[in-house]
Amino acid sequence: MTKEYGELPGRPDPSELVVEVPAFEDDCPQPEPAPPAAAPELVAATEFARSSHAPPTIRRTQVRAGMWIAGVPIAVLAVIAIVQILQILLQP
């Protein structure tokens with residue numbers, strides 16, 4: 001099997017690489033406009049109210065996962081410690 005590089009393929013035509021994408025209207029609900037900057041309390045209250053109805057974020061998921069990752073080994077160590085203490089106390 002020989003590899004001859006005497007003839008390289010020609011350059012592609014740029015017009016062949018163009019892809020037409022049809023435009024579409026964005027029908028996603030738009031967030032409410034921010035209140036005027038002169039009312040920082042209103043801005044904070046609006047953001048708090050907007051985020052309170054949101055689905056759980058990655059932070060809440062990370063906290064839950066962290067509790068499992070840290071809680072299970074700590075619980076196992078606590079059980080082992082209790083068993084060892086009981087063995088020491090119950091030895092004749």
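Per chain, the residues get numbers from 1 upward, laid out in the order the sequence is written. Only residues with pLDDT of at least 70 are given local features in this predicted model, and only at 80 or more are side-chain atom pairs given and counted; all residues enter the totals for whole chains, interfaces and linings. To get the side-chain values, take all heavy atoms of the structure and skip hydrogens and water.

A. Structural view of the overall build of the protein. Labels follow the DSSP assignment, with helices taken as runs of H or I lasting at least four residues and strands as runs of E lasting at least two, numbered in each case from the N terminus. Helices and strands together make up the secondary structure of the protein, namely 2 helices and 0 strands. Only protein chains enter the accessibility calculation, which uses a 1.4 Å probe; a residue whose area is less than 20% of its type maximum is buried, one above 50% is exposed, and one in between is partly exposed. Out of the 92 residues in the protein, the part that is buried amounts to 2%. For the protein, the exposed area adds up to about 9400 Å²; of that, 67% sits on carbon and sulfur atoms. Shrake-Rupley sampling with a 1.4 Å probe provides the accessible areas, and residues are treated as covered by the protein chains on show and by no other component.

B. Geometry of a nonpolar patch on the surface. Patch rule: a residue counts if its relative accessible area is over 30% and it has no salt bridge; like charges are joined within 9 Å, and nonpolar side chains (Val, Leu, Ile, Met, Phe, Trp, Tyr) within 5 Å. Definition used for salt bridges: Asp or Glu carboxyl oxygen within 4 Å of a side-chain nitrogen of Lys or Arg. On the surface, a cluster of nonpolar side chains totalling about 520 Å² of accessible area is made up of W68, V72, V76, L77 and I80. Topologically, V76 is positioned in helix 2 (residues 58-89). On the basis of relative accessibility, which here comes to 44%, the residue V76 falls in the partly exposed class.

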